[in-house]
Amino acid sequence: NAGVTQTPKFRILKIGQSMTLQCTQDMNHNYMYWYRQDPGMGLKLIYYSVGAGITDKGEVPNGYNVSRSTTEDFPLRLELAAPSQTSVYFCASSQTSPGYEQFFGPGTRLTVL
Amino acid sequence: GQQVMQIPQYQHVQEGEDFTTYCNSSTTLSNIQWYKQRPGGHPVFLIQLVKSGEVKKQKRLTFQFGEAKKNSSLHITATQTTDVGTYFCAGPAGGYNKLIFGAGTRLAVHP
């Protein structure tokens, strides 16, 4: 099992550009999450999904969009990138509710200039 | 809204010294989880505590869940350089579909 994979590992965007961060898990987990982690800070939840076709906003959803068409994939879309979106983005999944451990991907380091 | 707070924010110890980080929730938690993130890495699950007053050990790490299920602690005995990283606690947020993470305690260990 590869677990949770994320692409790309690094990306530099110009202000106003758009991009999609990819996340795939092969553990057949229903729950998937997107977090951002600013330097020296904790994890802030952007969006989450409890199953294919179901998504919901987290703590900091503005400027982002998600979709969940399959159990395996949970892409995060950034529209009109801004310097405030410079961060490390982690995707995670868990078997069911957060009563189960979350498995994190290796992260995508995004810089917006 | 619900908050999870951790102290200290940062701790620097000499190798062999003990270390403790504390986690406090503004609400009662059904369970609490602890994660470790090595520098440049991603968070990795360490343990989950469910019962009031529960104590669990993993080698040199001791985890406690408070009687009121609103606080928790992680204690490392005789730290090693491999313990370096940031330790996060996390508890289920409203609706139990997501976790809320504390800001983390960054541990530096000097040989």
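Here, the structure is the one placed above.
Since this is a predicted model, take the numbers as computed values, not measurements. (Residues numbered from 1 in each chain as written. Chains lettered and ligands numbered in written order. Predicted model: local features only at pLDDT ≥ 70, side-chain atom pairs only at ≥ 80, totals over all residues. Heavy atoms only, no water.)

Student: Pulling in residues and values, what's your account of the overall build of chain A?
Tutor: What chain A contains, in helices and strands, is zero helices and eleven strands. Along chain A, helices and strands appear, N-terminal first, in the series β-β-β-β-β-β-β-β-β-β-β. Computed over C-alpha atoms, the radius of gyration of chain A comes to 13 Å, within 12% of the 13 Å expected from 2.2 N^0.38 for 113 residues, which places it in the range of a compact globule. Dimensions of chain A, computed from C-alpha atoms along their principal axes, come out at roughly 35 × 25 × 25 Å. Buried residues in chain A amount to 44% of all 113 residues. Taking the intrachain contacts of chain A between residues at least 6 apart in sequence as the baseline, contacts between residues at least 24 apart amount to 55%. Carbon and sulfur atoms make up 51% of the accessible area of chain A, which totals about 5300 Å². Of the side chains in chain A, 9 bear a positive and 8 a negative charge, and the two mean positions are spaced by 11 Å. (Helix = DSSP H or I, 4+ residues; strand = E, 2+ residues; numbered from the N terminus. Rg over C-alpha atoms; globule rule 2.2 N^0.38 Å. Buried < 20%, exposed > 50% of the residue type's maximum accessible area, 1.4 Å probe, protein only. Contact = heavy atoms within 4.5 Å. Areas by Shrake-Rupley, 256 points an atom, 1.4 Å probe, with all protein chains shown as cover. Lys, Arg positive; Asp, Glu negative; His and termini not counted. Charge placed at Lys NZ, Arg CZ, Asp CG, Glu CD.)

Student: Before we move on, could you go through the interface of chain A and chain B and cite the residues and values that matter?
Tutor: The interface of chain A with chain B comprises 20 residues on the first partner and 17 residues on the second. Both faces considered, chain A and chain B share a buried interface measuring about 1500 Å² in area, 57% of it formed by carbon and sulfur atoms. Where chain A meets chain B, there are zero salt bridges. Put simply, the parts of the chain that give the side of chain A that touches chain B at least two residues each are β4 (31-37) and β5 (43-51) of chain A. Classifying every residue of the side of chain A that touches chain B by side-chain character gives 13 nonpolar, six polar and one charged. (Buried area = accessible area lost by both parts, 1.4 Å probe. Salt bridge = Lys/Arg side-chain N within 4 Å of Asp/Glu carboxyl O. Nonpolar A, V, L, I, M, F, W, Y, C, P; charged D, E, K, R; others polar.)

Student: Any chance you could break down the state of the cysteines for me, citing the residues and the numbers?
Tutor: Residue and element names in this part refer to chain B. Scanning all chains against the criterion turns up two disulfides over all chains. A disulfide bridge connects cysteine 23 with cysteine 89, and the sulfur atoms are separated by 2.0 Å. What sets the handedness of the cysteine 23 and cysteine 89 disulfide is the S-S torsion sign, and at about 80° it is right-handed. Of this pair, cysteine 23 sits in strand β3 (residues 19-25) while cysteine 89 sits in strand β9 (residues 85-92), placing them 66 residues apart in sequence. The pair formed by cysteine 23 and cysteine 89 is uniform in burial state, with each residue classed as buried. (Disulfide = S-S within 2.5 Å.)

Student: Tell me what's going on with the environment of Ser94(A), and back it up with residues and numbers.
Tutor: Residue and element names in this part refer to chain A. Positionally, serine 94 belongs in strand β9 (residues 87-94). With 67 residues separating them along the chain, serine 94 and methionine 27 place their C-alpha atoms 8.7 Å apart. For serine 94, the side chain forms a polar contact with the side chain of tyrosine 33, separated by 3.3 Å. (Polar contact = N/O pair within 3.5 Å; in protein donor to acceptor, adjacent residues only side chain to side chain.)

Student: How would you sum up the environment of Gln80(B)? Please name residues and give values.
Tutor: Residue and element names in this part refer to chain B. Structurally, glutamine 80 is set in the loop between β8 (71-76) and β9. In this structure glutamine 80 comes out as partly exposed when scored by relative accessible area, which is 34%. A sequence separation of 38 residues divides glutamine 80 from histidine 42, and the C-alpha atoms of the two residues are 20 Å apart. Residues within four places of glutamine 80 in sequence aside, it is in contact with Glu15, Arg60 and Val109.

Student: I'd like a rundown of the sheet that holds β8(B), residues and numbers included.
Tutor: Residues and elements named next belong to chain B. Read from one edge to the other, the open sheet built from five strands follows the order β1-β3-β8-β7-β6, with strand pairing classed as antiparallel. On the outer flanks of this sheet lie β1 (4-7) and β6 (55-58), each paired with one strand and no other. For this sheet, the mean inter-axis angle between neighbouring strands, taken without regard to orientation, is 15°. Examined bridge by bridge, β1 and β3 share four bridges and lie antiparallel to one another. The residue bridging methionine 5 from the neighbouring strand is asparagine 24, located in β3. (Pairing = 2+ DSSP bridges. Axes fitted to C-alpha atoms, helices over the stretch in contact; angles between N-to-C directions.)

Student: Describe the packing of aromatic side chains, naming the residues involved and giving the relevant values.
Tutor: Applying the stated criterion across every chain, the model contains 14 aromatic pairs over all chains. Arranged with centres 5.6 Å apart and planes meeting at 75°, the rings of Tyr35(B) and Phe45(B) form a pair that is edge-to-face. Remark: Phe45(B) occurs in strand β5 (residues 44-49) and Tyr35(B) occurs in strand β4 (residues 32-37); sequence separation between them is ten residues. You can call Phe45(B) partly exposed: its relative accessible area is 21%. An angle of 55° between the planes, with centres 5.5 Å apart, marks the rings of Tyr35(B) and Phe101(B) as tilted. Taken together, the positions of Tyr35(B) in strand β4 and Phe101(B) in strand β10 (residues 99-101) put the pair 66 residues apart, joining distant regions of the chain. When its relative accessible area of 0% is taken as the criterion, Tyr35(B) is described as buried. What makes Phe101(B) buried here is its relative accessible area of 8%. Chaining the aromatic ring pairs together yields one cluster made of Tyr31(A), Tyr33(A), Tyr35(A), Tyr48(A), Phe90(A), Phe104(A), Tyr35(B), Phe45(B), Phe88(B) and Phe101(B). Residue placement shows Arg68(A) over the ring face of Phe74(A); its charged tip is 5.9 Å from the ring centre. (Phe/Tyr/Trp six-rings, centres within 6.5 Å; stacked < 30°, edge-to-face > 60°. Lys NZ or Arg CZ within 6 Å of the ring centre and 35° of its normal.)

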